[in-house]
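This is what each chain is made of:
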Amino acid sequence: MEIILDHMFGAHFCSIKGFRYCIAVSLILFLFLSVGISPVSASSGDDHVLIVGADEYFPPYEYVDYNGRPAGFNIDIMNAVAEEMSLNISIRPGPWQEVKSDVESGKIDLMSGMFYSEKRDVYVNFSKPYILVSHAIYVREDSDIRGPEDLKGREIVVEEGDIMHEYALGINNSNTIIPVKNQYEALLLVASGNHDAALISKLHGAYLINTYGIPGVKTTGPPIETKEYRIAASSDASSLLPAINEGLAIIKENGRYDEIYDTWFGVYEEREFFATLINIVIFVLLPAVIILAFALFWSLSLRKKLAKTSLELEDELAEQKRVKAKLQESKDKFQVLFNSINEGVFLCESDSKEETGRIIEVNDTACNRLGYTRDELMGKNMVEISRNGSSEGDSVIEKLAREHGEISYDAEHVTKDGSVFPVYVKTRLLKFEGKEYILQLARDITKERESHRVETDALKKIEENLSQLAILNDEIRNPLMVISGVTDMDFDNSNEIIFEQVTIIDGLINKLDQGWVESSKIREFLKKHLEMYDDEDY
């Protein structure tokens, strides 16, 4: 630094006057150099080796092969990223729990693969996800466990410190959790009849069963806890994550990722997880692109939520419209039926101080007969339009109470113009939502009354005709007896006498004819209007 400054400023170093100036320039140059050197270039020089931890036994993701070298999908991905970004790395496999503790404490810089969880995110920092891994429940073939809901109260084997260890701890306090060194040991314990189930990576379990021929073990139920596999960095090495994310994007773009994937998972892993990975992983090159991508993602997510909410609201509104239409249709049907009843219908509040109470509902028939509009009748009391024809002094409400809530009686209704017509009223007491109402059905009996009057008059006329016939019967006998006597005695003027009696008889017969005509008319009336006779009777 002194040589550079001396070359730049010469004698300024020798004078006291230039000392302060030199110090200021030194600080500026130091800040410039500090800013100019990126975290990647500072930590990726050939003289700085990044220590990368890996699980020594988690094939096919990462493990130590027969030659003692680290191998697996995660290892190849880590090497490809380091090569693209010129990172000098050294991969050191070890027991999973130890490697995990070392990266959390900062003893090593990176881990080639770690499942993401919020709990782990507190202790280490993560790259973007580069693969999704599903986990499964492994049981013996005769097990009655069918899914996660059957794990409560069971003995569950997990790898110590694994993501499935965290999952098992969150199931239920009644479980017995058996942590082991690795997942191969977990499968062996279940296969040998010890414990109920093992929770491990689905692909890793299939690899172990096929490779080592572990018998009598199978998966059950759907996959559980599909987790993102990411590169983990200690707090001190977090500045490397942008470079690692960029390296992941590059190997995905240039095809190296696909080559590594096909090498390790062409037989085992289901391809739909790879498709899901593509939709989830978003690679960025510059911090500005990261901000833009985040803003775009947030905008699309918000738009999607708004669209979903809008669709839900539209569905809800459509359903409300359908329900409203049904209610309106039901209401219309009720109104048609209600107003089509040929009797006046009055629904009144029950008021012990009044005859019945004020009207709260009325049909068209009642309005038309009384000459009021619906609005004019609403609120009136029944005593204003009805005259009780009963001679009893009790009110309608008192009669209803005495007759168990239902009575019938004759009354008169008064129209708007003051005219009166007779009605036959059926009254019933109703209870609804804790209140009492009175329902009245009033039938106009004007025609019935008139018909009854005509019938009574006809019957009286028949009685009169019958009496007259009885009298005429006696009157006919008298002339006949005179004629008979004259014939026996042979009077000189017998012809005159007989003619006189015949004239009397003819007059009586005319009266009989007149009575017969009247009776015939009455019969036809009764037959037509009162249906008292059948045609077969004549």
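As shown above, the structure is provided for reference.
Residues numbered from 1 in each chain as written. Predicted model: local features only at pLDDT ≥ 70, side-chain atom pairs only at ≥ 80, totals over all residues. Heavy atoms only, no water.

Asker: Any details on the packing of aromatic side chains? Residues and values, ideally.
Answerer: One pass over the full model with this rule turns up 17 aromatic pairs. Ring plane angle 50 degrees and centroid distance 5.3 Å describe the contact between Tyr 61 and Phe 265, whose orientation is recorded as tilted. Note that Tyr 61 is positioned in the loop between strand 2 (57-58) and strand 3 (62-64) and Phe 265 in helix 11 (residues 256-265), a separation of 204 residues in sequence. For the pair Tyr 61 and Phe 265, one class covers both residues: buried. On the numbers, 6.4 Å between centres and 20 degrees between planes, the contact of Tyr 257 with Tyr 261 is stacked. Here Tyr 257 and its partner Tyr 261 are both found in helix 11, 4 residues apart, which amounts to about one turn of the helix. Each member of the pair, Tyr 257 as well as Tyr 261, carries the same accessibility label: buried. (Phe/Tyr/Trp six-rings, centres within 6.5 Å; stacked < 30°, edge-to-face > 60°. Helix = DSSP H or I, 4+ residues; strand = E, 2+ residues; numbered from the N terminus. Buried < 20%, exposed > 50% of the residue type's maximum accessible area, 1.4 Å probe, protein only.)

Asker: Before we move on, could you go through empty space enclosed by the protein and cite the residues and values that matter?
Answerer: This model, assessed by the stated rule, comprises 3 cavities of 30 Å³ or more. Within this model, the largest cavity holds a volume of roughly 60 Å³. Every residue lining the largest cavity is listed: Asp 55, Phe 58, Glu 62, Trp 96, Met 114, Phe 115, Glu 159, Asp 162, Gln 183 and Tyr 229. Along the lines of polarity and charge, the residues of the lining of the largest cavity split into 5 nonpolar, 1 polar and 4 charged. (1 Å grid on protein atoms, 1.4 Å probe; cavity = no way out; pocket = protein on both sides within 12 Å on 5 of 7 lines; lining within 4 Å. Points joined across faces, edges and corners; volume = space filled by probe spheres on them. Nonpolar A, V, L, I, M, F, W, Y, C, P; charged D, E, K, R; others polar.)

Asker: Could you give an account of the nonpolar core, naming the residues involved and the relevant values?
Answerer: In this structure, Phe 73, Ile 77, Tyr 130, Ile 131, Leu 199 and Ile 244 are the most contacted members of the largest nonpolar core, which totals 52 residues. The residues touching Ile 244, leaving out its near neighbours within four places in the chain, are Val 81, Leu 87, Leu 110, Ser 127 and Ile 231. Membership of the second largest hydrophobic core comes to 22 residues, among which are Phe 346, Val 362, Ala 366 and Tyr 409. (Core = buried A, V, L, I, M, F, W, Y, C linked by side-chain atoms within 4.5 Å. Contact = heavy atoms within 4.5 Å.)

Asker: Account for a negative patch on the surface, naming residues and giving values.
Answerer: On the surface, Glu 312, Glu 314, Asp 315 and Glu 316 cluster together into a patch of negative charge. With respect to the helices and strands, the residue Glu 312 is situated in helix 13 (residues 287-340). (Patch = residues over 30% accessible without salt bridge, like charges linked within 9 Å, V, L, I, M, F, W, Y side chains within 5 Å. Areas by Shrake-Rupley, 256 points an atom, 1.4 Å probe, with all protein chains shown as cover. Salt bridge = Lys/Arg side-chain N within 4 Å of Asp/Glu carboxyl O. Lys, Arg positive; Asp, Glu negative; His and termini not counted. Charge placed at Lys NZ, Arg CZ, Asp CG, Glu CD.)

Asker: With reference to specific residues and values, describe the packing of helix 10 (residues 241-254) against helix 11.
Answerer: Between helix 10 and helix 11, whose axes approach to 4 Å, the crossing angle comes to 80 degrees. By the angle between their axes, helix 10 is roughly perpendicular relative to helix 11. Where helix 10 abuts helix 11, its residues Ile 251, Lys 252 and Asn 254 lie against Arg 256, Tyr 257 and Asp 258. (Axes fitted to C-alpha atoms, helices over the stretch in contact; angles between N-to-C directions. Parallel < 35°, antiparallel > 145°, perpendicular 65-115°, else oblique.)

Asker: Any chance you could break down the pattern of salt bridges for me, citing the residues and the numbers?
Answerer: Following the criterion strictly, the structure yields 17 salt bridges and no others. With a closest N to O distance of 3.6 Å, Glu 384 and Lys 380 form a salt bridge. The exposure class assigned to Glu 384 is partly exposed, which follows from its relative accessible area of 47%. Ionic contacts of the salt-bridge type, sharing partners, join the residues Glu 83, Glu 84 and Arg 256 into one network.

Asker: So what's going on with the sheet that holds strand 15 (residues 386-388)? Residues and values would help.
Answerer: Read across the sheet, 6 strands follow the order 14-13-18-17-16-15 without closing on themselves; strand pairing throughout is antiparallel. A strand with exactly one partner marks an edge of an open sheet, and here the two such strands are strand 14 (359-362) and strand 15. When the angles between neighbouring strand axes are averaged without regard to direction, this sheet yields 35 degrees. Bridge count for strand 17 (residues 420-432) against strand 18 (residues 435-444) is 10 bridges, and the pairing is antiparallel. Bridged to Lys 426 within strand 18 is Leu 441. (Pairing = 2+ DSSP bridges.)

Asker: Tell me about the side chain of Asn 175, residues and numbers included.
Answerer: Counting through the fold element by element, Asn 175 comes out in the loop between helix 7 (163-169) and strand 10 (176-180). A polar contact is formed between the side chain of Asn 175 and the backbone nitrogen of Arg 154, at a distance of 3.4 Å. (Polar contact = N/O pair within 3.5 Å; in protein donor to acceptor, adjacent residues only side chain to side chain.)

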